[in-house]
Amino acid sequence: MVALTLLALAPLALASYSSNLVYRSPSVNHPQLAIPIHRVHRRSLHSVAHHLRKRQEVPMDPLGPFPQEAAPSTGDEGYVKYAGADWSNAEYIYSGSVNFTHSVASGDPDDKSLLIWTRAEPTQIAAVDVPVCVSYAVYTTADASGTPVTSGTAYTSYDVDFTVKVEATGLNALSLYYYQFANCANSTEKSPIGRGRTAPGADTPVDQVGTQRFAVYSCSNLPFGFFNAYGGPVRKESVDYVIHLGDYIYEYKNGDYGNGTSIGRVPLPDKEIATVSDYRTRIAQYRADPDLQENHRIFSWYTIWDDHDVADQAWKAGTANTNDTAFGCSILGVCFSDRKASAVRAWHEWQPMRQIAADDKLRIWHNIEFGKLFDLSLLDTRNYDRDITDLYYDTDYIGMLSATEEARTLMGKDQEDWFYSTLDASVARGATWRIVGQQIVFGALNYTGLGTSETFDFDAWDGYRANRNRFLQHIYDNSIDNVIVLSGDSHANWVFEASLTKVLGLNSSDTRGQLVEFAGTAVSSPSPFGQTLPLNTSAIVSEFLVAANPDLLWSEGFYRGYYELHVSAQNVTANFFALPDILTRNSNEFQSGSFAVLAGTNQVQRPAGGGVVAAGALQAGGY
Ligand SMILES: *[C@@H]1O[C@H](CO)[C@@H](O)[C@H](O)[C@H]1NC(C)=O
Ligand SMILES: *[C@@H]1O[C@H](CO)[C@@H](O)[C@H](O)[C@H]1NC(C)=O
Ligand SMILES: *[C@@H]1O[C@H](CO)[C@@H](O)[C@H](O)[C@H]1NC(C)=O
Ligand SMILES: *[C@@H]1O[C@H](CO)[C@@H](O)[C@H](O)[C@H]1NC(C)=O
Ligand SMILES: *[C@@H]1O[C@H](CO)[C@@H](O)[C@H](O)[C@H]1NC(C)=O
Ligand SMILES: *[C@@H]1O[C@H](CO)[C@@H](O)[C@H](O)[C@H]1NC(C)=O
Ligand SMILES: *[C@@H]1O[C@H](CO)[C@@H](O)[C@H](O)[C@H]1NC(C)=O
Ligand SMILES: *[C@@H]1O[C@H](CO)[C@@H](O)[C@H](O)[C@H]1NC(C)=O
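Owing to the predicted nature of the structure, the values given are computational and were not obtained by experimental measurement. (Residues numbered from 1 in each chain as written. Chains lettered and ligands numbered in written order. Predicted model: local features only at pLDDT ≥ 70, side-chain atom pairs only at ≥ 80, totals over all residues. Heavy atoms only, no water.)

## Quick look at the domain arrangement of the chain
Cut-off, in case you're wondering: The start and end points of each domain follow an automatic or database-based domain assignment. Contacts were defined at the residue level, with two residues in contact if any of their heavy atoms lie within 4.5 Å. Accessible area, probed at 1.4 Å, shrinks when two parts are joined; the buried area is that loss added up over both. When a carboxyl oxygen of Asp or Glu is within 4 Å of a side-chain nitrogen of Lys or Arg, the pair counts as a salt bridge. What qualifies as a polar contact is a pair of N or O atoms within 3.5 Å, subject to a donor-acceptor requirement within protein and to the restriction that residues adjacent in sequence count only when both atoms come from side chains. Each residue receives one of three labels: charged for Asp, Glu, Lys and Arg, nonpolar for Ala, Val, Leu, Ile, Met, Phe, Trp, Tyr, Cys and Pro, and polar for the others, Gly being one of them.
Split into domains, the chain comes out as domain 1 (6–94), domain 2 (98–197) and domain 3 (212–622). Counting residues at the interface gives eleven residues for domain 1, matched by eleven residues for domain 3. In this assembly, domain 1 packs against domain 3 so that about 1000 Å² is buried in total across both faces, 57% of it on carbon and sulfur atoms. Among the residues domain 1 hides against domain 3, the three largest losses belong to P26, Q32 and L33. Together they make up 46% of the total. At the boundary of domain 1 and domain 3, one finds zero salt bridges. Here domain 1 and domain 3 share three residue pairs in polar contact (both at pLDDT 80 or more) between them. Broken down by class, the residue content of the side of domain 1 that touches domain 3 amounts to five nonpolar, five polar and one charged.

Next comes the structure, spelled out in structure tokens:
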């Protein structure tokens, strides 16, 4: 029987489904966050059997009714025998043409593997009950010619928005690769060629690792402007990898936070997003931006999420306008837990990042050993296990908790324990630097006297002082040197030196366990100093803030942009780039400041910024 033959081949087809990691989105062990591939496969078989029965080739449908799906499509052109004409060796796949709608992307490289991504949308929508099949191949040649280093096939379907995420394995450390996808049914239909780069092996000596360059981004908001910041390193070919610290998308309806009408960037769908379909549509729209798309195509990314990747002021049990109470569910018609699961699922479909632990549905925190040069620890201070944050109606209460509550946590105990042991292991294995990529501003930033009601941002580490002290205590007690913290979230540039003694207001000349923080401005989200504040007034705000906060070496709040981080055995240097105009797509940028940390010093090289910055205000006196 035909249908039985198809069933017998199930394991073969299932391998092509399971090589596409997005069906896990991200955890097979959590039904809300995974698509059961057996069910997708069974639907496909059912559709084929139904089709063949209509052609009188099978007398009946042996699989029985499949109640939850729409009527299968019709039309012979929808199916091809993929592995040959002999049915004993055949599977059915979509045979029409495929559109690689969002180019390609790569990410989460380690020394042996790289995740590669594409989206393969069938252009003949009639035939989507069977899988779309793409082949992939990874090469060492820029034109994707010659014998591939690794290759395979992967299935995708509407269940996962036609996204494809494959782990390319068996790669060499610290090497450039080129990869391409093609339609299995018509190999002349190919994706653009992507470029990716693996990380060094854990034991690679520093002189072999050399200097590694990263572009560091946060807070890209479509209606507020063009993503010129993503285009900078593409045009300059100036980095090796990209780090995105979150707020890759924003959840708002047009006009609620940014109105993109006049620049043709109205967010889709035209509402505040809450369902999996909403999040997919929004991410797809952002990823259609040509500068973002090209950045993904030529650089391998390490991406973590912040609040807006779910919704404003996210913490473990809610956001500013959603939670799991009857009222919190009523505002958008979706409860917080479902909204978060939808955001997480779509994020994993679109971001070439790994599923870290099969049993841990939310875990994105992990560490990459970049040879003996550094460890890159990527944290989740936002969505994993954060205690209650400032939700606007509870600011005073959170302010009180931030100063008094010893158990307060941003990361949760599992992650926090893992983080400290990762720092210890980094020292033990002889890595020069410990670079911590995380979401929110770390340094103490006292706004009192600025004329705003705000005194501190309680949604940043300032709202979780006990947690900040535990981290600083750990590096103080263990004399852990060369710690660099990277932050986003705030839409302004900050360079801080923070240590236990400084944040406790004790001996400020004791630099033991002191770290340096480089916090970067937004790709396009507006300044926290005020959306329309002019340059001169913005500089006055910065002057006030550096005067009020002695550990703040540089403040700059006018420009949108990004920074490039250069890491070598001798120093870590952050070069900040400012974009004068994001209301048109253009390539204008200038370096607004450059700050170096020499290995072993735990402080910014003096004079900070070389004593000269092109914007904002430097700490005065003694610097
Ligand atoms: C392919 O997708 C792109 C991006 O969505 C779209 O602009 C283009 O029209 C599509 N091409 C075809 C042939 O469907
Ligand atoms: C394969 O795709 C190419 C490019 O889209 C198209 O010109 C050609 O007709 C297709 N071949 C078949 C057999 O469908
Ligand atoms: C957005 O701005 C346009 C003018 O550019 C205005 O007509 C429209 O009403 C605004 N939309 C919202 C939702 O505020
Ligand atoms: C739930 O959210 C609503 C709407 O923002 C808010 O008024 C309410 O206090 C929240 N309840 C809890 C328990 O967080
Ligand atoms: C913040 O600054 C104000 C004004 O200088 C000061 O009174 C207050 O003690 C500071 N707060 C903290 C926690 O340092
Ligand atoms: C402050 O720290 C410096 C550097 O560690 C040390 O030399 C000095 O004795 C400390 N002063 C006090 C009062 O603890
Ligand atoms: C800033 O510049 C504008 C335009 O040149 C001027 O009108 C304004 O007075 C300046 N503000 C300050 C605080 O210097
Ligand atoms: C940082 O190290 C690099 C590589 O050794 C070197 O070229 C550069 O001059 C150093 N920068 C500073 C400020 O020491």
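## Points about the sheet that holds strand 25 (residues 590–598)
To keep it simple, the criterion reads: Strands pair, by our definition, only if DSSP identifies at least two bridges between them. Secondary structure elements follow DSSP: runs of H or I no shorter than four residues count as helices, runs of E no shorter than two count as strands, and numbering proceeds from the N terminus. Axes, fitted as lines to C-alpha atoms, cover a helix only where it is in contact. Angles between the N-to-C directions of the axes lie from 0 to 180 degrees.
With mixed pairing, nine strands are arranged side by side in an open sheet as 9-5-4-15-14-13-23-24-25. Since the sheet does not close on itself, it has two edges, and those belong to strand 9 (163–168) and strand 25, each with one partner. Each strand of the sheet is rotated relative to its neighbour by a mean of 25°, with strand direction disregarded. Looking at chain direction, strand 24 (residues 571–579) and strand 25 are connected through eight bridges and run antiparallel. If you follow N575 over to strand 25, its bridge partner there is S594.

## Re the site of ligand 8
The condition that has to hold: We call a residue near a molecule or strand when any one of its heavy atoms sits within 4 Å of it. For every accessible area listed, the method is Shrake-Rupley and the probe measures 1.4 Å; residues are considered covered only by the protein chains on display.
For ligand 8, the full set of nearby residues is S568, Q570, N571, A596, L598 and Q605. In this structure, S568 approaches ligand 8 through a side-chain N or O atom, which is 3.2 Å from an oxygen atom. Between Q570 and ligand 8, the recorded distance is 2.6 Å, taken from a side-chain N or O atom to an oxygen atom. Here ligand 8 loses 45% of its free accessible area of 360 Å² to cover by the protein chains. When grouped by side-chain class, the residues that make up the shell around ligand 8 number two nonpolar, four polar and no charged.

## Regarding the sheet that holds strand 22 (residues 552–556)
If you trace the eight strands from one edge of the open sheet to the other, you get 16-17-18-19-21-20-22-26, paired in mixed fashion. Two strands close off the open sheet at either side, each with one partner strand: strand 16 (366–370) and strand 26 (617–618). This element, helix 11 (residues 413–428), spans strand 16, strand 17 (374–378) and strand 18 (433–437) of the sheet and lies at about 155° to strand 18. Sheet contacts for helix 14 (residues 535–548): strand 20 (493–498), strand 22 and strand 26; angle to strand 22, the most-contacted strand, approximately 165°.

## Concerning the side chain of Q180
Along the chain, Q180 turns up in strand 10 (residues 176–183). In terms of polar contacts, Q180 uses its side chain to reach the backbone carbonyl oxygen of S191, at 2.8 Å. Apart from residues no more than four positions distant in its own chain, Q180 is found in contact with S135, Y136, A137, A144, K190, S191, P192 and I193.

## A few points about the UniProt feature "domain: PhoD-like phosphatase metallophosphatase" (unreviewed entry) in the chain
Selection rule: UniProt positions are given in the numbering used here, feature names are shortened, and annotations may be inferred rather than shown by experiment.
Per the UniProt record, the feature "domain: PhoD-like phosphatase metallophosphatase" (unreviewed entry) sits at residues 214–576. The span residues 214–576 is 29% helical and 17% strand by assignment, and the distance between its end C-alpha atoms comes to 12 Å.

## Notes on the state of the cysteines
The cut-off we apply is this: In this description, a disulfide is simply a cysteine sulfur pair whose atoms lie within 2.5 Å. The classification of residues rests on relative accessible area computed with a 1.4 Å probe and restricted to protein chains. Under 20% of the type maximum is buried, over 50% is exposed, and intermediate values are partly exposed.
Applying the stated criterion across every chain, the model contains two disulfides. Residue C329 pairs covalently with C335 via a disulfide, S to S 2.1 Å. Linking C329 and C335, the disulfide has an S-S dihedral of approximately 115° and is accordingly described as right-handed. The class of C335 is partly exposed, set by a relative accessible area of 25%. The connectivity of the disulfide bonds within the chain can be written as 1-2, 3-4, using the sequence rank of each bonded cysteine.

## Looking at the packing of helix 11 against helix 12 (residues 465–477)
We count it as follows: Comment on the angle field: the value is read as roughly parallel under 35 degrees, roughly antiparallel over 145, roughly perpendicular from 65 to 115, and oblique elsewhere. We call a crossing left-handed when the near helix sits turned anticlockwise from the far one by less than a right angle, and right-handed when that turn is clockwise.
Between helix 11 and helix 12, the shortest axis-to-axis distance is 11 Å and the interhelical angle comes to 25°. The angle between helix 11 and helix 12 places the two elements in the roughly parallel class. Regarding helix 11 and helix 12, the two cross each other, and that crossing is right-handed. Every residue of helix 12 that contacts helix 11 at E416, F419, Y420, L423 and D424 is listed here: N467, R470, F471, H474 and I475. Partitioning the contact of helix 11 with helix 12 into residue classes produces five nonpolar, two polar and three charged.

## Section: the confidence of the model for the chain
Note the cut-off: As a per-residue measure, pLDDT reflects the predictor's confidence and takes values from 0 up to 100.
Model confidence for the chain is summarised by a mean pLDDT of 91, while 90% of its residues fall at 70 or above. Confidence drops under pLDDT 50 across residues 1–10; counting only partners more than four residues distant or on other chains, this segment forms 19 contacts. Here residues 81–90 scores under 50 on pLDDT; set against residues more than four positions off or in separate chains, the count is 22 contacts.

## Here we look at the pattern of salt bridges
For the structure shown, the criterion picks out 33 salt bridges. Two residues, D375 and R429, come together in a salt bridge whose shortest N-O distance is 3.1 Å. Taken together, the residues D375 in strand 17 and R429 in the loop between helix 11 and strand 18 connect sequence positions 54 residues apart. For the residue pair D375 and R429, the accessibility class agrees, reading buried in each case.

## Re helix 14
Where we set the bar: Helix span, expected: 1.5 Å multiplied by one less than the number of residues in the helix. Regarding the arc, it is the one traced by the directions from the helix axis to the C-beta atoms.
Taking 1.5 Å as the rise per residue, helix 14 with 14 residues should run 20 Å; its terminal C-alpha atoms sit 20 Å apart, in good agreement. Restricting attention to buried positions, one finds in helix 14 the residues S538, V541, S542, L545 and V546. The buried side chains of helix 14 occupy one side of the element, clustering within an arc of 130° when seen end-on. Pointing more than 90 degrees away from the buried face of helix 14 are the exposed residues N536, I540 and A547. Here the buried face of helix 14 lies against strand 20, strand 22 and strand 26.

## Some details on the pairing of strand 22
Buried residues dominate strand 22, accounting for five of its five residues. Two strands pair when backbone bridges link them, and strand 20 and strand 22 are joined in this way by four bridges, in the antiparallel orientation. Across the sheet, the residue bridging to N493 is E556, located in strand 22. Across two bridges, the pairing between strand 22 and strand 26 is antiparallel. Pairing of S555 across the sheet is with A617, part of strand 26.

## Overview of the nonpolar core
Inclusion rule: Residues belong to a common nonpolar core when they are buried Ala, Val, Leu, Ile, Met, Phe, Trp, Tyr or Cys residues joined through side-chain atoms within 4.5 Å.
In this structure, F214, F471, W494, F518 and L565 are the most contacted members of the largest nonpolar core, which totals 80 residues. Not counting residues within four places of it along the chain, the set of residues in contact with F471 comprises F419, Y420, L423, F442, W461, V483, V485 and L515. The next biggest cluster of nonpolar side chains, apart from the first, holds 35 residues, and it includes Y230, Y286, F299 and W301.

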